[in-house]
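# Summary of the model geometry
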Amino acid sequence: MTGATFMQLPRYTLGDWDNKAAVRTRRDHYRLPDDLEQQLSIRDWFPPAFIPYVEHPLVHRAGRAVAQRLAANHLVYFLDYTTLLEHRVVNRSVETIVHGELAVPIPGQMKTAALQLYTDEGYHALFSNEVAEQIAALYGIEDRQPPRRINRLLAMIEATSPTDRPLAWFLLGFVSETIIARELLAVTRHTLVCTVYRMLRNHLEDEARHSRYFSQVFQYLWSALDATQRDLAAGMLLRIIGLYFEPDEPWLLRSLASAGFEEQSSRQIIFALLQPGAHAQRVRSGAVSTFTAMRNASLFDNDHYRMVFTQAGFIDG
Ligand SMILES: [Fe+2]
Ligand SMILES: [Fe+2]
């Protein structure tokens, strides 16, 4: 959908949800194709460019089958992450809008869109899990522990005082929903196994609407916060945005071990990924829409907030 089309849609809605949402219109199946083996000779499970460690010389030397196994691990991990994120984080965030937990009045159409979005995420979790189960069975992938990021996001809520939790939940959803569309868009530019491509593409089309909606709700909420609440929200945003781009080192080591790498080689393979500069770089390129929404809400007109985000290396001062 183009920016121009977005502009004509009423605010705080998901547009023509009945005729556009995957859960309403996409009756595709998500079974792996019969000619999977043939497809894998020219297609990938996941784009190598989005698994930076796959480009490492040690992985290259190990051959295509090993790289493919790492990509399968990565995809299952990404889909398990998505399934948990949709239920435990995004939909919990959406509940704060639907059930009046935030300290602002919620217009009728904003509430309706939130209820629709909740339904979308339930469907995304369903098809993400369906594909993950098939790939896990195919390769015998048994390492399905919750991704560390989910635990960190939930721990952040635990560490927040009960009064401030609705705001923290909302912001967790806002950041996630403004980064996922960009991530899916980038991923679906590559030639992937057809089922995976179809699933990610259907997900992406919904997320483009979600990103726009959450950006608008964020601006609405921000304009209603007082100075103390803004300080709190800005601090939370800095922390939350950082969390969404942290690597999961223990999982990376386990994934490489399952593909036959010794620990020393694995550490060499992921070394670049763990550098602090690499983290800030991932934030800068991945959270573009989040920062745009914050800028549109005039958040960065405040010198202090701008300075804090600049010092973290997240934006240009
Ligand atoms: Fe989703
Ligand atoms: Fe979403």
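Everything in this summary refers to the structure shown in the same document.

Reading guide: rules and limits
- Residues numbered from 1 in each chain as written.
- Chains lettered and ligands numbered in written order.
- Predicted model: local features only at pLDDT ≥ 70, side-chain atom pairs only at ≥ 80, totals over all residues.
- Heavy atoms only, no water.
- Donors = N, O, S within 2.8 Å, 3.2 Å for Na, K, Ca; no water.
- Tetrahedral: all angles 85-135°; square planar, octahedral: opposite > 155°, others 65-115°.
- Helix = DSSP H or I, 4+ residues; strand = E, 2+ residues; numbered from the N terminus.
- Buried < 20%, exposed > 50% of the residue type's maximum accessible area, 1.4 Å probe, protein only.
- Phe/Tyr/Trp six-rings, centres within 6.5 Å; stacked < 30°, edge-to-face > 60°.
- Lys NZ or Arg CZ within 6 Å of the ring centre and 35° of its normal.

Further remarks concern the coordination of the iron ion (ligand 2). Coordination of the iron ion (ligand 2) by the protein involves Glu121 (OE), Glu177 (OE), Glu177 (OE), Glu207 (OE), Glu207 (OE) and His210 (ND1), with metal-donor separations of 2.0 to 2.7 Å. Classification of the site at the iron ion (ligand 2) as irregular follows from its six donor atoms and the range of 52 to 162° in their angles at the metal. Here the iron ion (ligand 2) and the iron ion (ligand 1) are spaced 3.4 Å apart, linked through Glu121, which binds each one. Taken together, the residues Glu207 and His210, both in helix H10 (residues 194-224) and three residues apart, mark about one turn of the helix. According to the relative accessible area criterion, Glu207 is buried, its value standing at 0%.

This part is about the packing of aromatic side chains. Aromatic ring pairs: the centre-centre distance and the angle between the two ring planes describe each pair. For the coordinates displayed, the defined rule picks out 15 aromatic pairs. A centroid spacing of 5.7 Å and a plane angle of 25° characterise the contact between Phe170 and Phe214, whose relative ring orientation is stacked. Of this pair, Phe170 sits in helix H9 (residues 165-187) while Phe214 is found in helix H10, placing the two residues 44 residues apart along the sequence. Classification of Phe170 as buried rests on a relative accessible area of 0%. A residue is classified by how much of its surface remains accessible, and Phe214, at 0% relative accessible area, is buried. One aromatic cluster in this structure is built from Phe174, Phe218, Trp222 and Tyr305. Of note, Arg149 hangs over the ring of Tyr81, and the distance from its end group to the ring centre comes to 4.9 Å.

On to the coordination of the iron ion (ligand 1), then. Glu86 (OE), Glu121 (OE), His124 (ND1), His203 (NE2) and Glu207 (OE) make up the full set of protein donors to the iron ion (ligand 1), lying at 2.0 to 2.3 Å. All donors of the iron ion (ligand 1) belong to a single chain; written as a sequence motif, their spacing is E-x34-E-x2-H-x78-H-x3-E.

Bringing unusual backbone geometry into the picture now. Positive phi is not limited to glycine here, since Tyr12 has a value of about 60°. Inspection of the secondary structure puts Tyr12 in the loop between helix H1 (3-8) and helix H2 (17-20). Owing to a relative accessible area of 12%, Tyr12 belongs among the buried residues under this scheme. A positive phi angle, near 70°, is found at Ser298, a position not held by glycine. Here Ser298 is to be found in the loop between helix H15 (288-296) and helix H16 (303-311).

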